[in-house]
Amino acid sequence: AQSVTQLDSHVSVSEGTPVLLRCNYSSSYSPSLFWYVQHPNKGLQLLLKYTSAATLVKGINGFEAEFKKSETSFHLTKPSAHMSDAAEYFCVVSYTGTASKLTFGTGTRLQVTL
Amino acid sequence: EAGVTQFPSHSVIEKGQTVTLRCDPISGHDNLYWYRRVMGKEIKFLLHFVKESKQDESGMPNNRFLAERTGGTYSTLKVQPAELEDSGVYFCASSPDRGRGGYTFGSGTRLTVV
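Counting restarts for each chain: residues are numbered from 1 in the order of the written sequence. Chains and ligands are labelled sequentially in the order written, the chains with letters from A and the ligands with numbers from 1. Local features in a predicted model are, by the rule used here, given only for residues with pLDDT of at least 70; side-chain atom pairs are given and counted only at 80 or more, and totals for whole chains, interfaces and linings are based on all residues. Note: side-chain values were computed over all heavy atoms of the structure, leaving out hydrogens and water.

(A) Just the interface of chain A and chain B, in detail. Should any heavy atoms of two residues lie within 4.5 Å, those residues are counted as being in contact. The partner chain B presents 18 residues to the 16 residues of chain A that form the contact. Accessible area that two parts lose when put together, with a 1.4 Å probe and added across both, is what the buried area reports. When chain A packs against chain B, the two sides together hide about 1600 Å² of surface, and 56% of this comes from carbon and sulfur. By convention in these notes, a salt bridge is any Lys or Arg side-chain nitrogen within 4 Å of a carboxyl oxygen on Asp or Glu. Inspection of the region where chain A meets chain B yields two salt bridges. We note a salt bridge from Asp 56 of chain B to Lys 101 of chain A, for which the minimum N-O separation is 3.6 Å. Note on conventions: DSSP H or I runs of at least 4 residues are helices, E runs of at least 2 residues are strands, and numbering of each starts at the N terminus. For the side of chain A that touches chain B, the elements supplying multiple residues, two or more each, are strand 5 (31-38), strand 6 (44-50) and strand 10 (87-95) of chain A. Element by element, the count of residues in the side of chain A that touches chain B is highest for strand 5 of chain A, at three residues. Within the side of chain A that touches chain B, the residues separate by chemical class into seven nonpolar, five polar and four charged. Each residue gets one of three labels, nonpolar for Ala, Val, Leu, Ile, Met, Phe, Trp, Tyr, Cys and Pro, charged for Asp, Glu, Lys and Arg, and polar for the others, Gly among them.

Okay, structure coming up:
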């Protein structure tokens, strides 16, 4: 069965420092990978997606992620955190042949401090 | 374009009562999905509609849950009778093309069964 693992349930960074949110997925043919963000009392917003094109994917708000097949990873990064980045982040995978069903990681809550 | 709309945003009901959640997808999106996040767990797939037809309902937990999509427009998810373990946040998402162009999520309905 497909699965995705977010290695940290909570990450705390200072404003202006880099962000790294880690994600590993179970190996399978042609995964599509996504990062979603949920701010308090808001819906899930797509940050970026990988669908077998460039392995380095740029998303909104300065976020990017790199697809590394050899490591089955899709870590999310941002060079400089902003207070508005505080939210919960979800790594999500879907596979060809699963009728586009999404499998979510358990989420990483990002705290940004002054 | 208008986003995916879900209502109510919050619902508190007693065990044994019935609750109906509604989702209005983006106009023209044939694909509609329901997901659920129970406390402390990951977001899990419930079912997928293509227009008015159920494409995949493998995630529906039991027969107390009934989803419909009359006319291929809005969808309802009814829980009858509700149990304590049904508490959580129910998300709806829509897509024009099974996710290749992305999924748009609603803000969710927070259901509390007491």
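Moving on from the model shown.
(B) View of the layout of surface pockets. Both cavities and pockets are sets of points on a 1 Å grid over the protein atoms alone; in a cavity a 1.4 Å probe fits but cannot get out, in a pocket the set is open with protein on both sides within 12 Å along at least five of seven lines, and lining residues sit with an atom within 4 Å of a point. Grid points are joined across faces, edges and corners, and a volume is the space filled by probe spheres set on the points. Each pocket or cavity is described by its volume, and for the largest pocket that value is around 630 Å³. Together, 27 residues line the largest pocket, and Gln 38 of chain A together with Gly 88, Val 89, Phe 91 and Arg 110 of chain B are the ones closest to its centre. For the lining of the largest pocket, the element with the most residues is strand 11 (residues 109-113) of chain B, which contributes four residues. Partitioned by chemical class, the residues of the lining of the largest pocket number eight nonpolar, 13 polar and six charged.

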